[in-house]
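# Coordinate inspection notes
What follows is the residue order along each chain.
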Amino acid sequence: MGPRRKNVKPCSVNRESSESTKADEPKDYMNQLSHEVLCHIFRYLPLQDIMCMECLSRKLKEAVTLYLRVVKVVDLCAGRWWEYMPTGFTDSSFLTLLRKMPDIEQLYGLHPRYLERRRVRGHEAFSIPGVLEALQACPNLLGVETSHLELVEAIWTYMPQVHILGKFRNRNGAFPIPPENKLKIPIGAKIQTLHLVGVNVPEIPCIPMLRHLYLKWVRLTKPQPFKDFLCISLRTFVMRNCAGPTNSLKYVPLVTGLASARNLEHLELVRVPFLGGLIQHVVEDSWRSGGFRNLHTIVLGACKNALEVDLGYLIITAARRLHEVRIQPSLTKDGVFSALKMAELEFPQFETLHLGYVDEFLLQCKMANGDLVKYGLADVVENPGIITDIGMKAVNEVFSCIKYLVIYNCPHLHNPNNWITDHSRWTRLVDLTLVRCHAIKLDSFSQFIELLPSLEFISLDQMFREPPKVCISMTAFYFCLLLHVFVCLLSQVDTLTLEQKIFSGPYPYHICIIHEFSNPPNVRNKVRIRSWMDTIANINQELIKYEFFPEATRTDEDLKKYTKYPWGRDIYTLEGIVDGAPYSMITDFPWLRSLRTAEPNSYARYDFEDDERTTIYAPRRKGQLSADICMETIGEEISELRQMKKGVFQRVVAIFIHYCDVNGEPVEDDYI
């Protein structure tokens, strides 16, 4: 027998303490998952987060390696095409990353903040040659998304088989064009969407794959930049304020090439000095084979030599599919629409017409025409549109289904009520904008809007001859109300009289009057107010339709109960600041009670820009908010009104009055 083995019992105290220690430690659930499950999770994470997991544990590092080995599509910007890729990359680190992804086919988000043009010996940087080397290390690479001018040109030169994915949009465009912004487009470049802003380009060659071409502030440096232009797959062509040949004959290949794009839907030419009558002849030659027949949007602005027949032939050819037309002032004439009327065409899909169209850049640019010419833009002096009431009557008869109408700087219009005929009453018109039509008469305009049954929005800017010049935006469903508004003046505005007249009527809707005093006018505030009114109306309709809320009524008998303020209604007054300018609001919306102070008619303060208090009152500033979400914030008011058996109106009217004559001094009228 050998020596007896000594039995040693483990210490129970130590075992219990170790078990309690393990119990206190949080469980690492990630490390308990299989590699396959981890790789599946990685598909839903940004690449930057995936790479960070490499250093957390050995198992996660293995899972990351496995995931990168089989991944085919990678986005360096996590789906945000407007973002920049993570900083800190160098040529070597980027090459290392792509070598880990041998099967990658599509690389999105290659938007570096800065790339060196060439490598510098002894200096670790992120350069164009380094990126190219990394891309060439991926044997299965099919496409790359980028926004870098020099990089995309290098890809076209050294990797012509690679497609440019998504929309190419350079990010440093400006006017005058920065000299470093240059791009040479090769023939047959593999790209579908090309947006160039503020770039020097030698020419636009034949690109069979191209579907959408957008050129803004582009300088075409070759004497014949359209000599080889042929993009048969083109659907969108926009050329705005580009510097090119001054000889109009050199634009012949451009127009003929556009006619060859049978699927062209959107044509926009702004300050393009093509040969007058050229479009007419090209349309005559190509319409049988489908040239320009599929257009749904036609825009001509500041085209120096354009003739009425050019515009007319385009409209006639595209009549069946046409949705929108914007017409420069020189073509805003009676003759254009008289000719279209004689053609006896139908425009079943037409919705938007802009007469006297001037591009936003030309409206806002502080440069005179001579300065623009120095930078290579065509020599164009824009005069007002000369259309008269006779022409507008023809417009009504030709485009009877119109929904959106904008008229800019047409001083020969006088009597809008003459535009309507017994045969065509613009029954679908919902949005009307008039700017600088000084000669229109108030009485006639008031009669005109009463004849439009579907009108919801009116914007009047720099209108009428009587001072003060006031910018007004209104949203309404019953426009008999507007007669009162215009009478008070798109000699003196007496706010108290205006409010008393508005709130004294038996109108079956809630009313809100906003006075704003920003200088210069801020169009964003008009958009905010319209968005706000839409939300209020949706809330009321939801309550009446689905919550069985009582619908309010208002009669002359109701108004007789109150002979003075608040004129038969519960009136709420607010004051505040919007974009640094004061505003005041008076309304009978019951939902504004949550902003009231204790006194029934005292002033409450509210700031549309206040992050913490932005609720239903600026619903779309932080994103789209539904009526359901907004109703949750006013549940107490809804319950209280229901108990009082007090109803609400389905419809709302907002009157937004902007005062241009701040401090009693009218702002200069830039037309005069």
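Conventions we followed
- Counting starts from 1 at the beginning of each chain's written sequence and moves along it residue by residue.
- For a predicted model such as this one, the threshold for reporting local features is a pLDDT of at least 70, and the threshold for listing and counting side-chain atom pairs is 80 or more; totals across whole chains, interfaces and linings nevertheless cover every residue.
- Only heavy atoms go into the side-chain values, all of them from the structure, while hydrogens and water stay out.
- Secondary structure follows DSSP: runs of H or I at least 4 residues long count as helices, runs of E at least 2 residues long count as strands, and numbering of each begins at the N terminus.
- Throughout this description, buried means an accessible area under 20% of the type-specific maximum (1.4 Å probe, protein chains only), exposed means over 50%, and partly exposed covers the range between.
- Surface accessibility follows the Shrake-Rupley procedure with a 1.4 Å probe radius. Residue values consider only the protein chains on display as shielding.
- For the purposes of these results, a polar contact is taken to be a pair of N or O atoms within 3.5 Å, where, inside protein, one atom must be able to donate a hydrogen and its partner to accept one; residues adjacent in sequence count only when each atom of the pair is a side-chain atom.
- Any two residues having at least one pair of non-hydrogen atoms within 4.5 Å are treated as being in contact.
- Whether two aromatic rings pair depends on their centres lying within 6.5 Å, for rings of Phe, Tyr and Trp, where Trp uses its six-membered ring; planes under 30 degrees apart make the pair stacked, over 60 edge-to-face, and the rest tilted.
- The rule for pairing is simple: two strands pair if DSSP sees at least two bridges between them.
- What counts as an axis is a line fitted to C-alpha atoms, over the stretch in contact for a helix, and the angles between N-to-C directions run from 0 to 180 degrees.
- Any angle that falls under 35 degrees is termed roughly parallel, while one over 145 is termed roughly antiparallel, one within 65 to 115 roughly perpendicular, and all others oblique.
- Left-handed is the label given to a crossing in which the near helix is rotated counterclockwise from the far helix by less than a right angle, and right-handed is the label when the rotation is clockwise.
- Note on residue categories: nonpolar means Ala, Val, Leu, Ile, Met, Phe, Trp, Tyr, Cys or Pro, charged means Asp, Glu, Lys or Arg, and polar means any other residue, Gly included.
- The predictor attaches a confidence to each residue, called pLDDT, with possible values from 0 through 100.
- Salt bridges are defined as contacts in which a side-chain nitrogen from Lys or Arg sits within 4 Å of a carboxyl oxygen from Asp or Glu.

For the chain, the helix and strand inventory stands at 22 helices and 20 strands. For the chain, the residues scored as buried account for 49% of the 672 residues in total. Per element, the accessible surface of the chain, about 33400 Å² overall, is 51% carbon and sulfur.

Residue position: aspartate 359 is located in the loop between strand 11 (352-355) and helix 13 (360-364). A distance of 3.1 Å separates a polar atom in the side chain of aspartate 359 from the backbone nitrogen of phenylalanine 361. With residues near it in sequence (within four places) discarded, aspartate 359 still touches Arg240, Asn241 and Val270.

Right, let's get into the packing of aromatic side chains. Any aromatic ring pair is given by two values, namely how distant the centres are and how the planes are angled relative to each other. Tallying each qualifying case throughout the model produces 19 aromatic pairs. Measuring from ring centre to ring centre gives 5.9 Å for tryptophan 81 and tryptophan 82, while their planes differ by 90°; the resulting arrangement is edge-to-face. Among the residues examined, tryptophan 81 registers a relative accessible area of 45% and is labelled partly exposed. Here the aromatic rings of phenylalanine 229 and phenylalanine 237 are separated by 6.1 Å at their centres, their planes lie at 65°, and the arrangement is edge-to-face.

A few words now on helix 7 (residues 128-136). Listed as buried for helix 7 are Ile128, Gly130, Val131, Leu132, Ala134 and Leu135. Where helix 7 is buried, its residues meet helix 6 (91-99), strand 2 (106-110), strand 3 (143-146) and helix 8 (149-158). Its side-chain oxygen placed 3.2 Å from the backbone nitrogen of glycine 130, serine 127 serves as the N-cap of helix 7.

So, on to the pairing of strand 7 (residues 236-240). In terms of burial, strand 7 is a largely internal element, five of the five residues being buried. Residue alternation in strand 7 divides its side chains into two sets, Thr236, Val238 and Arg240 and Phe237 and Met239, and both sets are buried. Bridging between strand 6 (residues 212-220) and strand 7 involves five bridges; their strand directions are parallel. Each residue of the ladder has a partner; that of leucine 213, found in strand 7, is phenylalanine 237. The pairing of strand 7 with strand 8 (residues 266-270) spans five bridges and is parallel. When the sheet's bridge partners are listed, phenylalanine 237 is paired in strand 8 with leucine 267.

What follows covers the pairing of strand 5 (residues 191-201). Where burial is concerned, most of strand 5 is hidden: eight out of the 11 residues are buried. Relative to strand 5, strand 4 (residues 163-169) runs parallel, the two sharing four bridges. For arginine 169, the partnering residue across the bridge sits in strand 5 and is histidine 195. Summarising the sheet, strand 5 and strand 6 pair through eight bridges and their orientation is parallel. The residue bridging histidine 195 from the neighbouring strand is tyrosine 214, located in strand 6.

In the contact formed by helix 10 (residues 278-286) and helix 11 (residues 308-317), the axes pass within 7 Å of each other and the chain directions differ by 30°. Looking at the two axes, helix 10 sits roughly parallel to helix 11. Here helix 10 runs over helix 11; the crossing is left-handed. From helix 10, Leu278, Ile279, Gln280, Val283 and Glu284 reach across to helix 11, where they touch Val309, Asp310, Tyr313, Leu314 and Thr317. In terms of residue class, the contact of helix 10 with helix 11 is built from six nonpolar, two polar and two charged.

With that out of the way, let us pick up the side chain of threonine 236. Position of threonine 236 relative to the elements: it lies in strand 7. A polar side-chain atom of threonine 236 sits 2.9 Å from a polar atom in the side chain of histidine 212. Contact partners of threonine 236, with chain neighbours within four places excluded, come to Arg211, His212, Leu213, Leu264 and His266.

Overall, the prediction assigns the chain a mean pLDDT of 81, with 80% of residues at 70 or greater. Taken together, the stretch residues 593-614 has pLDDT below 50 and engages in 50 contacts with residues farther than four places along the chain or on a different chain. Counting interchain partners and residues more than four positions distant, the pLDDT-below-50 stretch residues 616-624 has 25 contacts.

Let's shift gears to the environment of leucine 151. For leucine 151, the location among the structural elements is in helix 8. For the pair formed by leucine 151 and leucine 115, sequence separation is 36 residues and the distance between their alpha carbons is 8.5 Å. Those residues within four positions of leucine 151 in sequence are excluded, and the remaining contacts are Leu110, Leu115, Ile128, Val131 and Thr146.

Our next topic: the environment of asparagine 415. The topology assignment puts asparagine 415 in the loop between strand 12 (404-408) and strand 13 (431-435). Counting along the chain gives 25 residues from asparagine 415 to isoleucine 440, while the straight-line C-alpha distance between them is 6.1 Å.

This part covers unusual backbone geometry. Here the bond from phenylalanine 175 into proline 176 is cis, since omega is 0°, no more than 30 degrees from zero. Inspection of the secondary structure puts proline 176 in the loop between strand 4 and strand 5. Phi at phenylalanine 292 is positive, roughly 65°, even though this residue is not glycine. You can see phenylalanine 292 is positioned in the loop between helix 10 and strand 9 (297-301). Take phenylalanine 292: its relative accessible area is 2%, and that puts it in the buried class.

Looking now at helix 9 (residues 252-260). Residues of helix 9 that are buried: Leu254, Val255, Gly257, Leu258 and Ala259. Residues of helix 9 that are buried make contact with strand 7, strand 8 and helix 10.

This paragraph deals with the pattern of salt bridges. Tallied over the entire structure, the rule returns 15 salt bridges. Arginine 119 is the salt-bridge partner of aspartate 91, the closest N and O atoms lying 3.6 Å from each other. Placement of the pair is aspartate 91 in helix 6 and arginine 119 in the loop between strand 2 and helix 7, with a sequence separation of 28 residues. On the basis of relative accessibility, which here comes to 11%, the residue aspartate 91 falls in the buried class. Overall, arginine 119 belongs to the partly exposed group, its relative accessible area being 45%.

It is worth spelling out the packing of helix 7 against helix 8 at this point. In contact at an axis separation of 10 Å, helix 7 and helix 8 are set at 45° when each is read in the N-to-C sense. Taken as axis vectors, helix 7 and helix 8 run oblique relative to one another. By crossing handedness, the relation of helix 7 to helix 8 is classed as right-handed. Contacts from Ile128, Val131, Leu132, Leu135 and Gln136 in helix 7 reach Glu150, Leu151, Ala154, Ile155 and Tyr158 in helix 8. Class assignment for the residues of the contact of helix 7 with helix 8 results in eight nonpolar, one polar and one charged.

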